[in-house]
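Summary of the model geometry
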Amino acid sequence: ANGRRRSSIAGVSTMANGGDNGVTFQLTPSSLLKIQKGDITQWSVDGFSDAIVNPANERMLGGGGADGAIHRAAGPELRDACYKVPEVRPGVRCPTGEARITPGFRLPASHVIHTVGPIYDAVPNPKAYLTNSYRNSLRVAKENNIQYIAFPAISCGVFGYPFDEAATVAISTVKEFGSDLKEVHFVLFSDEIYDAWLKAANELLQS
Ligand code: AR6
C-alpha cells in the first residue's frame, strides 16, 4: 500500500557495476526513482545519455568528499573543463543553488552536473538553497537531454546538512520536478543516509 517496488522491474536499468541493490519507486508511469547504496563515481547507465551530480563548491575546481572522488575518477580533463566555466564573480563559477554541466571524461557516466548545496549553518534558509540545487540539476539535465541521472546526498558531508531534513527535500523536489527523466537515482554512501532516504521516499511517494 505504499510506493515501494522491488528493483527487479523488467527493463529497468541497474548500475553498470553496482549489482541489484536498492529500491525502486514509480514517479509516473514512465519515470522511476531509485535509491541505492554505492559509489557514485562508478555509476552509469550503458548506452543512454546519463549524468552524475557532483556536490561541488562555488569555485568548481575540486575539493574533498564526493567532489574529490569524482575529479580523481574523471581525470584532469574535468578540472580543465571546470576551469573554463565562466566566473559570475571573482572565484565563483557556480553560485550556491545553481548547476553547471561538463562532460564526464574518464567516468563511466557521460556527463557531470556540478551543483553547490548550502553550508547548513551558513545561510538563513538552507532548505530553499538545497531545493534549488536539486531543481536546477534536474533542469540542466533536461536541457541537455539527459535521461538517467544519479544524485549523491548533496550537502550531507562537509556542508553539514541533517540527513532526515535533506532526504525530505531531495525526494519531494524530485517528485515535483524529476518526472520528465526516465530514471532519477540516489547513490548513497552510508547506511544511515540510505535509511533516511528510504524513509522519506516511503512517506512521500505513496501510490
Ligand atoms: N559516492 C557517493 N557518495 C559519496 C561519495 C561517493 N564516491 N563520496 C562521498 N559521498 P560531500 P557536501 C557522500 O562532503 O556536503 C567538497 O570538498 C558523503 O558521504 O562530498 O555537499 C566540495 O568541494 C556525503 O553523504 O559534499 C565542497 O567544498 C555526500 O556524499 C564540499 O565538499 C556529500 O558529502 C561539499 O560538501
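Only a predicted model underlies this, so the values are computations on that prediction, with no experimental measurement involved. (Residues numbered from 1 in each chain as written. Predicted model: local features only at pLDDT ≥ 70, side-chain atom pairs only at ≥ 80, totals over all residues.)

To continue, consider the site of the ligand. Around the ligand, the surrounding shell holds 25 residues, and the nearest of these are Pro 55, Asn 57, Gly 63, Gly 65 and Gly 157. With four residues, the top contributor of residues to the shell around the ligand is helix α1 (residues 65–74). A breakdown of the residues in the shell around the ligand according to their chemical character gives 14 nonpolar, nine polar and two charged. (Near = placed C-beta within 6 Å. Helix = DSSP H or I, 4+ residues; strand = E, 2+ residues; numbered from the N terminus. Nonpolar A, V, L, I, M, F, W, Y, C, P; charged D, E, K, R; others polar.)

Two elements in contact, helix α4 (residues 163–177) and helix α5 (residues 191–204), have axes whose closest approach is 8 Å; the angle formed by their N-to-C orientations is 45°. Classified by the angle their axes make, α4 and α5 are oblique. Here the hand of the crossing between α4 and α5 comes out right-handed. Counting all contacts with α4, which are made through Phe 163, Asp 164, Ala 167, Thr 168, Ala 170, Ile 171, Ser 172 and Lys 175, the residues of α5 involved are Glu 192, Ile 193, Ala 196, Trp 197, Lys 199, Ala 200, Ala 201 and Leu 204. (Axes fitted to C-alpha atoms, helices over the stretch in contact; angles between N-to-C directions. Parallel < 35°, antiparallel > 145°, perpendicular 65-115°, else oblique. Left-handed = near helix turned anticlockwise from the far one by under 90°. Contact = placed C-beta atoms within 7 Å.)

Considering the arrangement of structural elements, one finds Arg 72 in helix α1. C-alpha of Arg 72 to C-alpha of Lys 199: the two residues are 127 residues apart in sequence and 32 Å apart in space.

This part is about unusual backbone geometry. In the Ramachandran plot, Asn 145 falls in the positive-phi region, its phi being about 55° despite a non-glycine side chain. Following the sequence through the fold, Asn 145 ends up in the loop between α3 (126–143) and β7 (148–151). One non-glycine residue, Ser 155, adopts positive backbone phi at about 70°.

Another aspect to go through is the confidence of the model for the chain. When pLDDT is averaged along the chain, the result is 92; 90% of the residues meet or exceed 70. Here strand β1 (residues 4–6) stands out as the element of the chain with the lowest mean pLDDT, 42, in contrast to strand β6 (residues 111–115), whose mean of 99 is the highest. Taken as a whole, residues 1–19 scores under 50 in pLDDT and shows 41 contacts with residues more than four places along the chain or in a different chain. Both scores are available for the predicted complex, with the pTM at 0.92 and the ipTM at 0.99. (pLDDT = per-residue confidence, 0-100.)

So, about the packing of α3 against α4. For any two helices packed against each other, the geometry is given by the interaxial angle and the distance between the axes. Packing of α3 against α4 brings their axes to within 9 Å, and their N-to-C directions diverge by 40°. In terms of orientation, α3 and α4 fall into the oblique class. Relative to α4, α3 is oriented so that their crossing is right-handed. Here α3 contributes Lys 127, Leu 130, Thr 131, Tyr 134, Arg 135 and Leu 138 to the contact with α4, which in turn contributes Ala 166, Val 169, Ala 170, Thr 173, Val 174 and Phe 177. Within the contact of α3 with α4, the residues separate by chemical class into eight nonpolar, two polar and two charged.

The buried count for strand β4 (residues 50–55) comes to six of six residues, which makes it a mostly enclosed element. Residues Asp 50, Ile 52 and Asn 54 point to one face of β4 and Ala 51, Val 53 and Pro 55 to the other, with burial holding for every one of them. Note that β4 and β7 share three bridges and pair parallel. Bridging across to β7, Asp 50 finds its partner in Tyr 148. Pairing between β4 and β6: five bridges, direction parallel. Among the inter-strand pairings, Asn 54 is bridged to a residue of β6, identified as His 114. (Buried ≥ 20, exposed ≤ 12 C-beta atoms within 10 Å, placed from the backbone. Pairing = 2+ DSSP bridges.)

So, about the pairing of β7. Taking every second residue as pointing to the same face, both faces of β7 are buried, with Tyr 148 and Ala 150 on one and Ile 149 and Phe 151 on the other. By the bridge criterion, four bridges tie β7 to strand β8 (residues 183–188) in an arrangement that is parallel. Paired with Phe 151 across the bridge in β8 is Phe 186. Running through α4, the crossover from β7 to the neighbouring parallel element β8 is right-handed. (Right-handed = clockwise from strand over helix to strand, strands pointing away.)

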